[in-house]
Amino acid sequence: PALSEMMRPALSALVATVYALGMVRLDLGAALARLRRPRPAAALAGEAAALLILPTLAAWAVAEALGAGPDWTAAAVWTFAAPPIASAAGLCFLMGWDAARALRVTVAASLLMPALGPALGAALLGAETPLDPWTLAGRTAAMIGAGAAGALAMQRWLGRARIERNGRAFDGLTAIVMVLFLFPIFDGVPALIQARPGLAAGFLALSCALIFAPHALRPLLPGDRPAQGAAALLWGTRSVGIWAAALPPDPVLLLYFALYQLPMFAQPLILGALTRR
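Keep in mind that what you see is a predicted model, and the values were worked out from it rather than measured.

So, the overall build of the chain
- When helices and strands are tallied, the chain shows 15 helices and zero strands.
- C-alpha atoms of the chain, sized along the principal axes, occupy 50 × 45 × 45 Å.
- Burial statistics for the chain: of 277 residues in total, 47% are counted as buried.
- Contacts in the chain between residues at least 24 apart in sequence constitute 82% of all its contacts with a sequence separation of at least 6.
- Here the chain has roughly 13,100 Å² of accessible surface; of this, 68% comes from carbon and sulfur atoms.
- Looking at charge distribution, the chain has the averaged site of its 20 positive side-chain charges lying 13 Å from that of its 13 negative ones.

In structure tokens form, the structure reads like this:
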């Protein structure tokens, strides 16, 4: 707990570092070059926008229809208003899914998220939004931009060939930084779990449902198995940690953002075992 409290101010920097390490082995130049061609860029932007807008609207509508309280509605809205996790392409590569598509969509959604995510939160949550959309957009854009700049700087300094040769070392660095990221995001969470165990259990169940439900629907998705797996990961697993760093401290939302990490971290183990079976 003392380490979590001490590391809380570093949360934004750790989010940016996770993005940098998630992008450092990616050919960002090729991804950006694709965005300069009008037709592919329009198709990719449309898919990324749909990834952010449609499930966010659906989650809000379901929460409203069920009469969920503002805490539950905010948790669902902020989840889907976030882009896919920065390591989505790496996870798809490990699972044998369409990593190239995951890379393209993750980069596009991350670029669109500072504009769309805060706007969706403000439109759907109204007075419950703790920050104005412009400030929130600036904070999220700064973290994603710092991550992309860090990845480009490492590629320029080390060279992409050396980075590729040391892929396992970068896997280890990513794992270390992701574990470090857990310390500040869990600041105060044990006490919150003790104070509101029912809410904590509900938030954990909600996190598991939002992450794993798209994988249960994979056979219904278009395309072959690699495309279905990538789509399920992109639609279900979001980088909610960016909101934990960008939004003002809120104990209830922080509890949800922290518990969301548990099924997200367990996902490769669970899906890997299912894929092998």
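Quick look at helix α13 (residues 225-236)
- Its twelve residues give α13 an end-to-end C-alpha distance of 16 Å, which sits within 8% of 16 Å, the value for a rise of 1.5 Å per residue.
- Of all twelve residues in α13, nine are buried, a share of seventy percent or more.
- If you check which residues of α13 are buried, you get Ala227, Gln228, Gly229, Ala230, Ala231, Ala232, Leu233, Leu234 and Gly236.
- Where α13 starts, the residue carrying a side-chain oxygen 3.1 Å from the main-chain nitrogen of Ala227 turns out to be Asp224.

A short note on the nonpolar core
- In this structure, Trp78, Trp243 and Phe257 are the most contacted members of the largest nonpolar core, which totals 78 residues.
- Of the residues forming this core, the biggest block, eleven residues, is contributed by helix α15 (residues 251-276).

Things to note about the side chain of Ser239
- Tracing the backbone shows Ser239 in the loop between α13 and α14 (241-246).
- Look at Ser239 and you get buried, because its relative accessible area is 12%.
- Only 3.4 Å separates the side chain of Ser239 from the side chain of Tyr19, close enough to count as a polar contact.
- Filtering out sequence-adjacent residues up to four positions away, Ser239 remains in contact with Tyr19, Ala82, Pro83, Pro84 and Ile85.

Some details on a nonpolar patch on the surface
- Where nonpolar side chains cluster on the molecular surface, the patch consists of Leu269, Ile270 and Leu274 and spans about 310 Å² of accessible area.
- Inspection of the secondary structure puts Leu274 in helix α15.

What to know about the packing of helix α12 (residues 197-216) against α13
- Following both chains from N to C, one finds α12 and α13 inclined at 160 degrees, their axes separated by 8 Å at the closest point. With respect to each other, α12 and α13 are oriented roughly antiparallel. Note that α12 runs across α13; the crossing there is right-handed. Contacts from Leu210, Ile211, Pro214 and His215 in α12 reach Gly229, Ala232, Leu233 and Gly236 in α13.
- In terms of residue class, the contact of α12 with α13 is built from five nonpolar, three polar and no charged.

Things to note about the packing of aromatic side chains
- Evaluated as defined, the whole model comprises five aromatic pairs.
- Arranged with centres 6.0 Å apart and planes meeting at 55 degrees, the rings of Tyr256 and Tyr260 form a pair that is tilted. A residue pair is termed a helical-turn pair when its members lie 3 or 4 positions apart in one helix, as Tyr256 and Tyr260 do in helix α15 at four residues.
- Here Tyr260 falls in the buried class, since its relative accessible area comes to 0%.
- Ring pairs connect the aromatic residues Trp72, Phe203, Tyr256, Phe257 and Tyr260, which therefore count as one cluster.

As for the pattern of salt bridges
- Following the criterion strictly, the structure yields one salt bridge and no others.
- The salt bridge partner of Glu47 is Arg101, with a shortest N-O separation of 2.5 Å. You can see Glu47 sitting in helix α4 (residues 38-66) and its partner Arg101 sitting in helix α7 (residues 99-125), a full 54 residues away along the chain.
- Assessed through its relative accessible area of 19%, Arg101 is described here as buried.

About the cut-offs
- Each chain has its residues counted from 1, running along the sequence as written.
- This being a predicted model, a pLDDT of at least 70 is required before a residue's local features are given, and a value of 80 or more before pairs of side-chain atoms are given or counted; all residues contribute to the totals for chains, interfaces and linings.
- Remark: hydrogens and water are excluded; side-chain values derive from all non-hydrogen atoms of the structure.
- Only DSSP runs of H or I covering at least 4 residues are called helices, and only runs of E covering at least 2 are called strands; the numbering of each starts at the N terminus.
- Relative accessibility under 20% of the residue-type maximum defines a buried residue, over 50% an exposed one, and the middle range a partly exposed one, all with a 1.4 Å probe and only protein chains included.
- We call two residues contacting when some pair of their heavy atoms lies within 4.5 Å.
- Working definition of accessibility: Shrake-Rupley area with a 1.4 Å probe, residue cover restricted to the visible protein chains.
- When charges are counted, neither His nor the chain ends are considered; positive counts come from Lys and Arg and negative counts from Asp and Glu.
- To locate a charge, take NZ of a lysine, CZ of an arginine, CG of an aspartate or CD of a glutamate.
- Here, expected helix span is obtained from the residue count minus one, scaled by 1.5 Å.
- Each polar contact in these results corresponds to two N or O atoms within 3.5 Å; when the atoms are within protein, one needs to be able to donate a hydrogen and the other to accept it, and residues that are neighboring in sequence are counted only if both atoms are side-chain atoms.
- Here, nonpolar core refers to any group of buried Ala, Val, Leu, Ile, Met, Phe, Trp, Tyr and Cys residues whose side-chain atoms link them within 4.5 Å.
- To count toward a patch, a residue needs a relative accessible area over 30% and no salt bridge; like charges are then connected within 9 Å, while nonpolar side chains (Val, Leu, Ile, Met, Phe, Trp, Tyr) are connected within 5 Å.
- Should a side-chain nitrogen of Lys or Arg be within 4 Å of a carboxyl oxygen of Asp or Glu, the pair is scored as a salt bridge.
- The convention used is that axes are lines fitted to C-alpha atoms, helices contributing only their stretch in contact, and that angles between N-to-C directions extend from 0 to 180 degrees.
- Roughly parallel means an angle under 35 degrees; roughly antiparallel means over 145; roughly perpendicular covers 65 to 115; every other angle is labelled oblique.
- Should the near helix be turned anticlockwise from the far one by less than a right angle, the crossing is left-handed, and should it be turned clockwise, the crossing is right-handed.
- When residues are grouped by polarity, Ala, Val, Leu, Ile, Met, Phe, Trp, Tyr, Cys and Pro land in nonpolar, Asp, Glu, Lys and Arg in charged, and all others, Gly among them, in polar.
- Centres within 6.5 Å are what make two rings of Phe, Tyr or Trp a pair, Trp counting through its six-membered ring; a difference in plane orientation under 30 degrees is then read as stacked, over 60 as edge-to-face, and the rest as tilted.

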